[in-house]
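Observations on the model geometry
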Amino acid sequence: MTITDSHTHHAARGAIVNVSPAAFSPVPGMCYSVGIHPWEAGEVTVEHWQQLATAARSPQVVALGETGLDALRSPSPDVQQEVLARHVAMSEELSKPLILHCVKAFHVILAMRARLRPAQPWVVHGFRGKPQLARQLLNAGLYITLGPRFNAATACSLPGSRLLLETDDSGLTIATVAARVAEARGEDVAATLAAARATAAAIFAPANAVGPPNA
Ligand SMILES: [Zn+2]
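Residues numbered from 1 in each chain as written. Predicted model: local features only at pLDDT ≥ 70, side-chain atom pairs only at ≥ 80, totals over all residues.

So, on to the pairing of strand β2 (residues 15–19). Along β2, four of the five residues are buried, which leaves the element largely enclosed by surrounding structure. Sheet analysis places strand β1 (residues 5–8) next to β2, joined by two bridges and oriented parallel. By the bridge assignment for β2, D5 is matched with A15. Where β2 lies against strand β3 (residues 31–34), four bridges are found, and the strand directions are parallel. For I16, the partnering residue across the bridge sits in β3 and is C31. (Buried ≥ 20, exposed ≤ 12 C-beta atoms within 10 Å, placed from the backbone. Helix = DSSP H or I, 4+ residues; strand = E, 2+ residues; numbered from the N terminus. Pairing = 2+ DSSP bridges.)

One widely used convention gives an interface's size as the accessible area the parts lose upon coming together. Under the domain assignment, the chain is made up of domain 1 (18–122) and domain 2 (126–215). The gap between the C-alpha centroids of domain 1 and domain 2 is 20 Å. On the domain 2 side, the residues contacting the 15 residues of domain 1 number 13 residues. Of all the secondary structure elements, the ones that give two or more residues to the side of domain 1 that touches domain 2 are β4 (61–70) and α3 (106–116). Ranked by residues supplied to the side of domain 1 that touches domain 2, first place goes to α3 with three residues. Within the side of domain 1 that touches domain 2, the residues separate by chemical class into 11 nonpolar, two polar and two charged. (Domains from an automatic or database assignment. Contact = placed C-beta atoms within 7 Å. Nonpolar A, V, L, I, M, F, W, Y, C, P; charged D, E, K, R; others polar.)

Now for helix α2 (residues 77–94). For α2, spanning 18 residues, the distance from its first C-alpha to its last is 25 Å, which sits close to the expected 26 Å at 1.5 Å a residue. Tucked into the core, α2 has its buried residues touching α1 (46–56), β4 and β5 (98–103). Count one or two residues on from α2 and you reach S95, which has phi positive near 55 degrees. (Expected span 1.5 Å × (residues − 1).)

In this structure, G171 sits in the loop between β8 (163–165) and α6 (174–185). What makes G171 exposed here is the crowd of 11 C-beta atoms within 10 Å. Residues G171 and H10 lie 161 residues apart in sequence; the distance between their C-alpha atoms is 7.8 Å.

Turning our eyes to something else, we now look at the pairing of β3. Where burial is concerned, the two faces of β3 agree: the one with C31 and S33 and the one with Y32 and V34 are both buried. Across three bridges, the pairing between β3 and β4 is parallel. Directly across from Y32, in β4, lies its bridge partner V61.

This paragraph deals with the confidence of the model for the chain. Per-residue pLDDT for the chain averages 94, and the proportion of residues at 70 or more is 95%. For residues 207–215, every residue scores under 50 in pLDDT, and the model assigns this stretch 19 contacts once sequence neighbours within four places are set aside. (pLDDT = per-residue confidence, 0-100.)

Below, the structure written as structure tokens:
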């Protein structure tokens with residue numbers, strides 16, 4: 001399967017559909033990411049962790065997440081970091097990349113990556129930061145997903161090999177997002193789509209993506 005949309009909350013083919021562990025009910029031919037969002041990190045129960053551990057082992061789950069850190073929302077940073085750390089451990093154990101939601105806590109993410117030295121790729125989804133911050137993330141080996149809203153200079157600065165596209169919860173089509181990103185990058189939309197698809201194929205274990213190939 002070719003993945004074009006690396007993060008969506010709507011059921012779609014050619015996409016990584018983000019669901020909570022409790023809601024994981026895989027449809028044949030579709031790919032998923034499962035994780036506990038930082039906003040929900042304060043209400044995680046033993047049952048949630050068990051559901052996540054089970055769902056994460058599904059061959060249709062190609063990434064852990066979205067999880068991460070949001071400095072503008074509860075629960076406390078300590079609680080969010082503990083939940084994130086468990087996802088990092090699971091990502092390493094299962095050899096599946098991590099999709100990160102990060103708001104005003106990039107220094108913590110970078111410090112964690114430097115300390116833990118994970119083998120798995122980390123993907124910052126819905127990135128809206130400036131080129132300087134993007135450069136720091138790229139230097140640390142991270143990947144960046146651009147969605148409905150992004151910094152145009154950042155879009156222009158990203159190497160295609162680290163670029164991914166997403167619709168998130170917007171309801172836009174991935175073609176619309178790709179057209180916006182392509183315009184910011186000053187390239188043909190076909191080139192943007194090709195780059196994002198190649199990046200997704202490189203990091204989201206194609207062998208795990210069961211189902212018929214997409215056109
Ligand atoms: Zn999302």
